[in-house]
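Now for the letters of each chain:
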Amino acid sequence: MRRVLILGGTAEARALAAELSGGSSGGSSGRGVHVVSSLAGRVSNPRLPVGEVREGGFGGADGLAAWLAAERIDALVDATHPFAARMTASAAEASARTGVPLLVLRRPGWREGPGDAWQRVPSLPAAAARLFETAAQSSGGAVRVFLTTGRRSLPVFTGLAGVWLLARSVDPPEPPVPDHVHVLLDRGPYTVEGERALIREHRLDVLVTKDSGGPMTTAKLVAARELGLPVIMVDRPPLPAGVRLVETATEAAAWAQG
Ligand code: NAP
């Protein structure tokens with residue numbers, strides 16, 4: 001039976017595991033394929049895919065290459081989050097070294113539409129620099145920021161003069177959390193009404209987010225458009241050169257079945 005490793009932690013990875021396992025919530029073997037899903041193990045109480053799951057890092061590209069060989073993996077699908085660049089780089093390197101074919105499954109990025117006021121920036125530090133400039137030009141009180149870039153990015157944004165942060169994340173950030181940061185723990189999916197209410201309640205001036213794509217977290221962008229809130233959108237890191245890319249779990253399932 002063909003053995004497929006899915007690098008996961010996303011809704012697309014769960015959809016792919018379900019498709020390859022026969023579309024049910026049953027076991028990990030269906031459609032002539034045995035599926036193992038891998039999670040980083042960072043989130044407490046993660047949403048689990050159907051079938052066999054392993055957790056924790058592999059130990060870089062070397063560790064992943066050894067794991068692929070030991071587990072006799074025939075095909076590798078990197079369905080990690082578009083910003084999980086280290087895992088994707090390891091997957092590309094381990095694939096090149098072992099000859100195990102690699103497919104990258106990435107949901108499409110978001111596109112700016114009529115009524116949106118987005119500023120695209122290449123990185124989290126560039127987003128922080130943009131906020132710093134905005135605060136320096138502001139004549140009123142602190143610039144009030146809706147920050148949805150994840151708890152581990154919080155240190156990039158703390159300590160900017162004239163900036164107050166509403167930081168929303170799935171798990172709490174590492175303490176200590178400074179006074180000018182209000183942490184909101186939530187994991188979505190979110191509604192436009194809820195996002196609108198949040199923006200109003202906290203009198204937010206600007207949204208800072210990563211171009212994650214997908215439907216689960218678009219409500220904040222719709223609410224921002226409706227309320228005329230500017231958005232600082234952090235671009236995705238580039239993919240390693242030459243990797244094969246698809247955008248849907250169905251395409252990835254067809255490839256993984258060989
Ligand atoms: P990252 O910076 O690319 O990965 C850091 C290290 O975590 C990797 O080098 C690897 O350790 C381990 N790792 C990452 N994904 C793994 C997986 N699926 N299975 C086993 N080990 C994994 O990634 P990240 O941004 O920390 O994201 C971690 C996980 O959360 C990913 O699985 C991703 O899909 C999910 N996620 C990330 C975001 C985000 O905004 N970045 C959002 C939602 C979900 P070793 O080098 O030891 O192998």
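Treat the numbers as computed from the prediction; the structure is a model and nothing was measured.

1. Some words on the pairing of strand E9 (residues 163–169)
Turning to step 1, where the next piece is worked out: Among the seven residues of E9, seven are classified as buried, and the element is accordingly described as predominantly covered.
Turning to step 2, where the next piece is worked out: Burial along E9 is two-sided: the residues Val163, Leu165, Ala167 and Ser169 and Trp164, Leu166 and Arg168 are all buried.
Turning to step 3, where the next piece is worked out: Two elements, E9 and strand E10 (residues 181–185), share five bridges in a ladder whose sense is parallel. From the neighbouring strand, leucine 165 faces E10, where its bridge partner is valine 181.

2. As for the pairing of strand E1 (residues 2–7)
Turning to step 1, where the next piece is worked out: E1 sits mainly inside the fold: five of its six residues count as buried.
Turning to step 2, where the next piece is worked out: As judged from the six bridges shared by E1 and strand E3 (residues 33–39), these two strands associate in the parallel manner. Pairing of valine 4 across the sheet is with valine 35, part of E3.

3. Regarding the site of the ligand
Turning to step 1, where the next piece is worked out: Taken together, 22 residues sit near the ligand, with Ser38, Arg42, Phe58, Arg152 and Lys210 positioned nearest.
Turning to step 2, where the next piece is worked out: Within the side chain of serine 38, a nitrogen or oxygen atom sits 2.7 Å from a nitrogen atom of the ligand.
Turning to step 3, where the next piece is worked out: The separation between an oxygen atom of the ligand and a polar main-chain atom of arginine 86 is 2.9 Å.
Turning to step 4, where the next piece is worked out: Surface burial for the ligand is 82%, taken as the share of its 800 Å² of free accessible area covered by protein chains.
Turning to step 5, where the next piece is worked out: Taken together, the elements giving at least two residues each to the shell around the ligand come down to E3 and helix H3 (85–98).
Turning to step 6, where the next piece is worked out: Looking at which element gives the most residues to the shell around the ligand, the answer is H3, with three residues.

4. A few points about the side chain of serine 90
Turning to step 1, where the next piece is worked out: Looking at the element boundaries, serine 90 is found in helix H3.
Turning to step 2, where the next piece is worked out: Of the polar contacts made by the side chain of serine 90, one reaches the backbone nitrogen of alanine 61; its length is 3.4 Å.
Turning to step 3, where the next piece is worked out: Look past the residues within four positions of serine 90 in its chain and what remains in contact with it is Gly60, Ala61 and Leu64.

5. Section: the domain arrangement of the protein chain
One frequent convention defines the size of an interface as the accessible area lost when the parts assemble.
Turning to step 1, where the next piece is worked out: As assigned here, the protein chain comprises domain 1 (2–108 + 238–257) and domain 2 (118–234).
Turning to step 2, where the next piece is worked out: Taken over C-alpha atoms, the centre of domain 1 sits 30 Å from the centre of domain 2.
Turning to step 3, where the next piece is worked out: With 11 residues of domain 1 in contact, the opposing surface of domain 2 contributes 14 residues.
Turning to step 4, where the next piece is worked out: Buried surface at the junction of domain 1 and domain 2, summed over both partners, amounts to about 970 Å²; 44% is from carbon and sulfur atoms.
Turning to step 5, where the next piece is worked out: When the area that domain 1 buries against domain 2 is broken down by residue, the three leading residues are Arg42, Arg47 and Phe83, summing to 52%.

6. Quick word on the sheet that holds strand E7 (residues 118–121)
Turning to step 1, where the next piece is worked out: Pairing is parallel in the open sheet, where six strands are placed in the order E7-E12-E11-E8-E9-E10. The outermost strands of the open sheet, each flanked by one partner alone, are E7 and E10. Strand-to-strand twist of the sheet, defined as the mean angle between neighbouring strand axes without regard to direction, takes the value 20°.
Turning to step 2, where the next piece is worked out: Here three bridges tie strand E8 (residues 143–147) to strand E11 (residues 206–210), and the two strands are oriented parallel to one another. Paired with phenylalanine 146 across the two strands is leucine 207, which belongs to E11.
Turning to step 3, where the next piece is worked out: Running at roughly 160° to strand E12 (residues 231–234), helix H4 (residues 124–137) makes contact with E7, E8, E9, E11 and E12 of the sheet.

Reading the values: the criteria
Residues numbered from 1 in each chain as written. Predicted model: local features only at pLDDT ≥ 70, side-chain atom pairs only at ≥ 80, totals over all residues. Heavy atoms only, no water. Buried < 20%, exposed > 50% of the residue type's maximum accessible area, 1.4 Å probe, protein only. Helix = DSSP H or I, 4+ residues; strand = E, 2+ residues; numbered from the N terminus. Pairing = 2+ DSSP bridges. Near = heavy atom within 4 Å. Polar contact = N/O pair within 3.5 Å; in protein donor to acceptor, adjacent residues only side chain to side chain. Areas by Shrake-Rupley, 256 points an atom, 1.4 Å probe, with all protein chains shown as cover. Contact = heavy atoms within 4.5 Å. Domains from an automatic or database assignment. Buried area = accessible area lost by both parts, 1.4 Å probe. Axes fitted to C-alpha atoms, helices over the stretch in contact; angles between N-to-C directions.

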